[in-house]
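# Remarks on the overall topology
Now for the letters of each chain:
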Amino acid sequence: MAQFTKEIEKRRTFAIISHPDAGKTTLTEKFLLYGGAIASAGMVKGKKSMKHAVSDWMEIEKQRGISVTSSVLQFEYDGYCINILDTPGHQDFSEDTYRTLMAADSAVMVIDASKGVEKQTIKLFKVCMMRDIPVFTFINKMDREARDPYDLMADIESVLGIKTYPVNWPIGSGKEFKGVYEREKERVLSFTYNGIGHEADEKVTAMDDPALKDMLGDTLYQTLIDDRELLDGAGDEFDLEAVRHGKLSPVFFGSALTNFGVEPFLENFLKMTTSPLPRTSSQGEIDPFNDDFSAFVFKIQANMNKAHRDRIAFMRICSGRFEKGQEVNHVQGGRKIKLSQPQQMMAQDREIVEEAYAGDIIGVFDPGIFSIGDTVCASSKKFQFEGIPTFAPEHFRLVRQKDTMKRKQFIKGTSQIAQEGAIQIFQEPGGGMEEVIVGVVGTLQFDVLEYRLKNEYGVDVIMEGLPYQYIRWVVGENIDVKALDLTSDTKYVQDLKGNPLLLFTSSWNIQWALDHNKELQLQEFSRS
Ligand code: G4P
């Protein structure tokens, strides 16, 4: 029993969020090096090795092959068992990226010090805030010319709306980067880059060490003294409870590429963040330390083998312990099943798991029975975890089959691919399925759809671009959408469940709709 508790307590399951190029891959790689999970840098597949022709599905699959193996990376470090969830970025940015965050207990937000908060970071951050999970900020690339650190902090606070607490503070940047001041330990971790290879030297010097002034030079030394006074006097207090509820983000400055400040970040982060958190279900909160195994599906991945159409369902374990071959209730399917070929990803390798604990992610073979958000549990008290929201897509196309004789296959294909969660389908109220509006979070999904419809369902399609940029769910029971006062280019549609939505060509039109219809409420996600 004690062992069971220990196993769960030592787990830390988090996602790294960032805008492309901020350094997510580089930072992940350094974490893996510390965990001994990889032997040398350059082993984690970066975007360069993933370059592909987007219209070629086999290439997409190849790429997905990579993202399967890196969907979650598990390794041990300093007595912790770490699960890093990969949030697909770049071209394969999709709803999966958002859903993956539902499986995390905290997030590490990587920000490029020369750029500040960027677009994709804002989107991912918003999803983290839906669950108030802790967010830790790593301001990266301090070895390059950076923006003023106060500006960067103000940017995070104003754009993202979260308070910040700098755990360390940079001394210069770019060619002048001398290191960071560690506030709690009252010492300087100095940065010396000899220009050879990528590793910088880290050296510790106490604040009261007379050598410090010489080391930093007069100007930077004086700036540090002033900054220290300002931070202690005017900054927010450190408050661990606020951190754990996503109200305060601890901020760290460093340079992932030169491996500077990464280990102190990892150590602080692991201490400050939480072990697996309880999850909300139809029967109240489910405690991770509960003996009964339970999990929910957060991602389904179509497999490479076209003949079998088999899929992998990724599950986040929410409570108890999982054993290979265990029989569980698939609550939404209403039957008992054996989770076959449970796999876990250890850095680069997929392995069959013998056992796993709350906080872990397992991938199981899915013969087509699972949907996103489904619950499996060992308990006879069949509960359901709170569903995974559907997020507003951002790109829209009108899709119809070329050959009207293929109507049935077209409907089957688009519906099945939508069920997997790769695309969303919308229709005009009362409209048929001959043509549908397809919405996606990342445009790569259009190519995936076209290729899969042709190859798996034998249907050629015509896609037409649409002028819409935003879609919002209409909230509230008694709203007559047809009676709303809207601009002429706003379109009323329904999702597959019949929920009403509005398509807008600009954010200005959204505001117009809200201003002219006082009872109207709009949401960027749907829970039903
Ligand atoms: P991502 O996963 O967030 O997209 O970013 P990634 O780690 O791939 O990093 C993007 C680029 O930024 C890479 O350069 C990487 O080497 C560089 N980089 C990451 N961290 C730092 C840092 O702390 N300092 C500096 N100076 N550069 C950093 P690239 O030229 O695009 O690719 P590569 O040739 O280095 O692989």
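Predicted model only: the values in this text are computed from it and were never measured.

Tallying secondary structure elements over the protein chain gives 13 helices and 33 strands in all. Taken across its 528 residues, the protein chain has 53% of its residues classed as buried. Accessible surface, the protein chain: about 23100 Å² in total, of which carbon and sulfur atoms supply 47%.

With that out of the way, let us pick up a negative patch on the surface. A cluster of acidic side chains, namely E157, D236, E237, D239 and E241, defines a negative patch on the protein surface. Along the chain, E237 turns up in the loop between α8 (218-234) and α9 (240-244). The exposure class of E237 is exposed, given its relative accessible area of 64%.

The immediate surroundings of the ligand are formed by 19 residues, with D21, K24, T25, T26 and D143 found nearest. Take D21: an N or O atom from its main chain is 2.7 Å from an oxygen atom of the ligand. For the ligand, whose unbound accessible area comes to 700 Å², protein coverage reaches 76%. Broken down by element, the shell around the ligand gets its largest block of residues, 3 residues, from helix α2 (residues 24-34). Tallied by class, the residues present in the shell around the ligand amount to 4 nonpolar, 8 polar and 7 charged.

Let us now look at the confidence of the model for the protein chain. Per-residue confidence for the protein chain gives a mean pLDDT of 86; residues scoring 70 or more make up 88%. The lowest-confidence element of the protein chain is helix α3 (residues 57-69), averaging 42 in pLDDT; the highest-confidence one is strand β5 (residues 135-140), averaging 98. Contacts from residues 45-70, a stretch scored under 50 in pLDDT, to residues over four places away or in other chains number 45 contacts.

Running from N to C, helix α4 (residues 95-102) and helix α5 (residues 119-130) point in directions that differ by 35°, and their axes come no closer than 9 Å. Every pair of crossing elements has a handedness; the one defined by α4 and α5 is right-handed. Between α4, through T97, Y98, L101 and M102, and α5, the contact on the second element is made entirely by K123, L124, V127 and C128. Counted by class, the contact of α4 with α5 contains 6 nonpolar, 1 polar and 1 charged residues.

So, how was this worked out
- Residues numbered from 1 in each chain as written.
- Predicted model: local features only at pLDDT ≥ 70, side-chain atom pairs only at ≥ 80, totals over all residues.
- Heavy atoms only, no water.
- Helix = DSSP H or I, 4+ residues; strand = E, 2+ residues; numbered from the N terminus.
- Buried < 20%, exposed > 50% of the residue type's maximum accessible area, 1.4 Å probe, protein only.
- Areas by Shrake-Rupley, 256 points an atom, 1.4 Å probe, with all protein chains shown as cover.
- Patch = residues over 30% accessible without salt bridge, like charges linked within 9 Å, V, L, I, M, F, W, Y side chains within 5 Å.
- Salt bridge = Lys/Arg side-chain N within 4 Å of Asp/Glu carboxyl O.
- Lys, Arg positive; Asp, Glu negative; His and termini not counted.
- Charge placed at Lys NZ, Arg CZ, Asp CG, Glu CD.
- Near = heavy atom within 4 Å.
- Polar contact = N/O pair within 3.5 Å; in protein donor to acceptor, adjacent residues only side chain to side chain.
- Nonpolar A, V, L, I, M, F, W, Y, C, P; charged D, E, K, R; others polar.
- pLDDT = per-residue confidence, 0-100.
- Contact = heavy atoms within 4.5 Å.
- Axes fitted to C-alpha atoms, helices over the stretch in contact; angles between N-to-C directions.
- Left-handed = near helix turned anticlockwise from the far one by under 90°.

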